[in-house]
Amino acid sequence: MHFDDWLEVLADLRKKREPCVLLTLLDEKGSVPRSGGTKMVVTRDGCFLTIGGGNLEHQCVQIAREMLTNRETRPRCEPFQLGARAGQCCGGMTTVLFEPLLRPQPEVIVFGAGHVGQALVSLLATLPLCITWVDEREGQFSHIPAGVATRQMEEPVDAVTQSAAGSYYVVMTHSHPRDLELTEAILKRGDAKYVGLIGSQTKRQRFDYRLVGKGLSEAQLAQLRCPVGLPDIKGKLPAEIAVAIAGEIIAVYQGDA
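Residues numbered from 1 in each chain as written. Predicted model: local features only at pLDDT ≥ 70, side-chain atom pairs only at ≥ 80, totals over all residues. Heavy atoms only, no water.

1. So, the overall build of the protein chain
As a reminder of what qualifies: Runs of E in the DSSP output that reach at least two residues are strands. Runs of H or I that reach at least four are helices, and both are numbered from the N terminus. Only protein chains enter the accessibility calculation, which uses a 1.4 Å probe. A residue is then buried if its area is under 20% of the maximum for its type, exposed if over 50%, and partly exposed in between. Here, residues are in contact when the closest pair of their heavy atoms is within 4.5 Å.
In terms of regular secondary structure, the protein chain is built from eight helices and 11 strands. Each principal axis of the C-alpha atoms in the protein chain carries an extent, and together these give about 70 × 35 × 35 Å. Residues classed as buried in the protein chain amount to 44% of the 257 residues present. For the protein chain, restricting intrachain contacts to residue pairs at least 6 apart in sequence, the fraction spanning at least 24 positions comes to 57%.

Put into structure tokens, the structure is as follows:
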């Protein structure tokens, strides 16, 4: 990758709707690893280009990822002294501009790749969302929309543990025991923005009873949306259910905008 390919990197990340931080060296005094104007792009899981490597770059990557984790939207500048104490032998000084780009998107984890799951993910993929689609069965992801991450996991509950705070969860697996396990794990985390569980009012009552037995409080149970989806949409077709759920998710994230 060439030095000036940062625009191409940003364009590619925009297509993927992946938030990132653009790092720019603003000025330099004395000996520095790169000149002013040098740029680097940092995402949650990757780095593109370089501002010189070493401890300076390591510190900057950490700052950028903290900004992504904290969903910061305002640019910030940080000065760096490149002396031996900082692990750099250059001895100069530089300032780095950190610019968060692409508004951090709500993270949605959909559990279940059955007919309703497929309809829902196809619809959610058209929205400004970061989507992870989880199923324990092999061969379930027959059609994967662009930008959707799929995870075939023997223990789907691990995806709950690994997800970010403020995530949106939709539970619609092929197994009621698995639905219960996932719902319990999500509600016990206590930091979900949205928790939807597919099922009837009878299923809701059964789950409430079992979850209370597992130590969940009334306040925790109140976070659960089951039956899931906008109540005015009463159709039973997969596409109709998907529209009802997507509409409810939209209402939640637009309410936070």
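Past the structure itself, the notes keep going.
2. Quick look at empty space enclosed by the protein
Applied cut-off: Here a cavity is any set of points on a 1 Å grid over the protein atoms alone where a 1.4 Å probe fits but cannot get out, and a pocket is any open set with protein on both sides within 12 Å along at least 5 of 7 lines; a residue lines the site when it has an atom within 4 Å of a point. Grid points are joined across faces, edges and corners, and a volume is the space filled by probe spheres set on the points.
Under the criterion given, the structure shown has two cavities of 30 Å³ or more. Where the lining of the largest cavity is concerned, the elements lending two or more residues are strand E1 (20-29), helix H2 (54-69) and strand E5 (93-101). Estimates place the volume of the second largest cavity at around 30 Å³. Together, Phe-111, Gly-112, Val-134, Asp-135, Glu-136, Pro-156, Thr-173, His-174, Arg-178 and Leu-182 line the second largest cavity. Elements with a minimum of two residues in the lining of the second largest cavity: strand E7 (130-135) and helix H5 (176-189).

3. Concerning the sheet that holds strand E9 (residues 168-171)
Heads up, the rule is: For two strands to be treated as a pair, DSSP must find no fewer than two bridges joining them.
Taking strand neighbours across the sheet as the criterion, the six strands line up as E8-E7-E6-E9-E10-E11 in an open arrangement whose pairing is parallel. A single partner strand is all that each edge strand has here, and the edge strands are strand E8 (149-152) and strand E11 (224-225). Of the pairings in the sheet, the one linking strand E10 (residues 194-197) to E11 comprises two bridges and is parallel in character. Opposite Gly-196, over in E11, you have Arg-225 as the bridge partner.

4. Digging into the layout of surface pockets
Definition in use: In the scheme used here, Gly and all other residues not listed as nonpolar or charged are polar, with Ala, Val, Leu, Ile, Met, Phe, Trp, Tyr, Cys and Pro taken as nonpolar and Asp, Glu, Lys and Arg as charged.
A volume near 650 Å³ is recorded for the largest pocket. Elements that contribute at least two residues to the lining of the largest pocket include exactly helix H1 (6-16), strand E6 (107-111), E7, E8 and helix H4 (157-162). Looking at the lining of the largest pocket residue by residue, the classes come out as 13 nonpolar, five polar and nine charged. By volume, the second largest pocket is sized at about 440 Å³. Lining the second largest pocket are 19 residues; nearest its centre among them are Arg-71, Arg-103, Pro-104, Gln-105 and Pro-106. Taken together, the residues of the lining of the second largest pocket sort by class into eight nonpolar, three polar and eight charged.

5. Some thoughts on unusual backbone geometry
Cis geometry marks the peptide bond from Cys-226 to Pro-227, where omega comes out at 0°. By the element assignment, Pro-227 lies in the loop between E11 and helix H8 (238-255). Look at Arg-71: it is not a glycine, yet its phi comes out positive at around 55°. Topologically, Arg-71 is positioned in the loop between H2 and strand E4 (76-81). Here Arg-71 falls in the partly exposed class, since its relative accessible area comes to 32%.

6. Details of the pairing of E9
Where a strand is regular, its side chains alternate between the two sheet faces. Filter applied, for reference: Handedness of a crossover is defined as follows: with both strands directed away from the viewer, a clockwise route from the first strand across the helix to the second makes it right-handed.
A two-sided burial pattern is seen for E9, the buried positions comprising Tyr-168 and Val-170 on one face and Tyr-169 and Val-171 on the other. Of the strand pairs in this sheet, E9 and E10 are connected by four bridges, and their pairing is parallel. Looking at the pairing, Tyr-169 lines up with Val-195 of E10. Remark: the E9/H5/E10 crossover connection has right-handed handedness.

7. Brief notes about the packing of aromatic side chains
Basically, it comes down to this: Under the pairing criterion, centres of Phe, Tyr and Trp rings, with the six-membered ring standing for Trp, must be within 6.5 Å; the plane angle then separates stacked pairs below 30 degrees from edge-to-face pairs above 60, leaving the rest tilted. Put simply, a charge is over a ring when the Lys NZ or the Arg CZ is close to the ring centre, within 6 Å, and near the line of the ring normal, within 35 degrees.
Throughout the structure, instances matching the rule amount to two aromatic pairs. Between Tyr-168 and Tyr-194 the ring centres are 6.1 Å apart and the planes differ by 25°, which places this aromatic pair in the stacked class. Of this pair, Tyr-168 sits in strand E9 while Tyr-194 sits in strand E10, placing them 26 residues apart in sequence. With relative accessibility at 3%, the residue Tyr-168 sits in the buried group. Given the relative accessible area of 1%, Tyr-194 is considered buried. Sitting above the plane of the Trp-6 ring, Lys-39 keeps its charged end 4.7 Å from the centroid.

8. Here we look at the environment of Glu-136
Note the cut-off: Any N or O atom pair separated by 3.5 Å or less is treated as a polar contact, with the protein-specific requirement of one donor-capable and one acceptor-capable atom, and with residues adjacent in sequence counted only for side-chain atom pairs.
As for its position among the elements, Glu-136 is in the loop between E7 and E8. Overall, Glu-136 belongs to the partly exposed group, its relative accessible area being 23%. Along the backbone, Glu-136 and Leu-101 are 35 residues apart, and their C-alpha atoms lie at a distance of 34 Å. Not counting the four nearest positions on each side in its chain, Glu-136 is found in contact with Gln-152, Met-153, Glu-154, Pro-156, His-174 and Arg-178. A polar side-chain atom of Glu-136 sits 2.8 Å from a polar atom in the side chain of Arg-178.

9. Section: a nonpolar patch on the surface
Inclusion rule: Only residues above 30% relative accessible area that lack a salt bridge enter a patch, with like-charged residues linked at up to 9 Å and the nonpolar side chains Val, Leu, Ile, Met, Phe, Trp and Tyr linked at up to 5 Å. For the area figures, the Shrake-Rupley method with a 1.4 Å probe applies, and any residue is considered shielded solely by the protein chains shown. Basic side-chain nitrogens of Lys or Arg form a salt bridge, by our definition, when they fall within 4 Å of a carboxyl oxygen of Asp or Glu.
A contiguous nonpolar patch, built from Leu-230, Ile-233 and Val-243 and spanning about 200 Å² of accessible area, is present on the exposed surface. Residue class for Leu-230 comes out partly exposed when judged on its relative accessible area of 31%.

The values are spatial; any link to function lies outside them.
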